[in-house]
Amino acid sequence: MVEPNLNAYLQNQIKQAQDMQAQIEQVASQRYQIDMKVKELEKTLKELSAVGTDVPVYKNVGPVIYRVDDKEKLVEDLEEQKELSQMRLKTLENQQKSLEEKYKDLEQAIQKRYEESTRNQNNQGIN
């Protein structure tokens, strides 16, 4: 006979695993978005380095585009954004890795508990 609490326990653990999987997917999505931002910043910085000092440079702020007089300041700002984005990316990578390890441990615990439950049912069925 199955312990009534066992099913509730397994259901709770499975729910936790599903919630954790959703968190992992959310973090992966954030990582992807920030990674794309870093690549875009790198491309922008590369293009800015190829542009001569006599060529006007424009900056997009929301729906407004305006001319930038200080190209060096713009490059510094973009470098800072890139650096901050890379730090955020590293943080998200660590967070995802941690969540994946916890998920794996939880998955193993659920599997073990399920196998124990199945064995107990089979043993009680034999007696």
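Predicted, not measured: the structure shown is a model, and the values here were computed from it.

1. A few points about the nonpolar core
Leu10, Ala17, Met20, Ile24, Val27, Ile34, Val38, Leu89, Leu92, Leu99, Leu106 and Ile110 form the largest nonpolar core, which has 12 residues in total. Of all the elements in the fold, those that place two or more residues in this core are helix H1 (4-50) and helix H2 (71-126). Ranked by residue count, the leading element in this core is H1, at 7 residues. Discounting chain neighbours no more than four positions away, the residues touching Ala17 are Tyr103, Leu106 and Ile110. Counting residues in each nonpolar core, the second largest holds 8 residues, with Leu45, Leu48, Val68 and Leu74 among its members.

2. A closer look at the environment of Asp69
Along the chain, Asp69 turns up in the loop between strand S2 (64-68) and H2. Under the relative-accessibility criterion, Asp69 is labelled exposed at 74%. Each C-alpha atom of the pair Asp69 and Val57 lies 7.5 Å from the other, and the pair is 12 residues apart in sequence.

The rules behind these values
Residues numbered from 1 in each chain as written. Predicted model: local features only at pLDDT ≥ 70, side-chain atom pairs only at ≥ 80, totals over all residues. Heavy atoms only, no water. Core = buried A, V, L, I, M, F, W, Y, C linked by side-chain atoms within 4.5 Å. Buried < 20%, exposed > 50% of the residue type's maximum accessible area, 1.4 Å probe, protein only. Helix = DSSP H or I, 4+ residues; strand = E, 2+ residues; numbered from the N terminus. Contact = heavy atoms within 4.5 Å.

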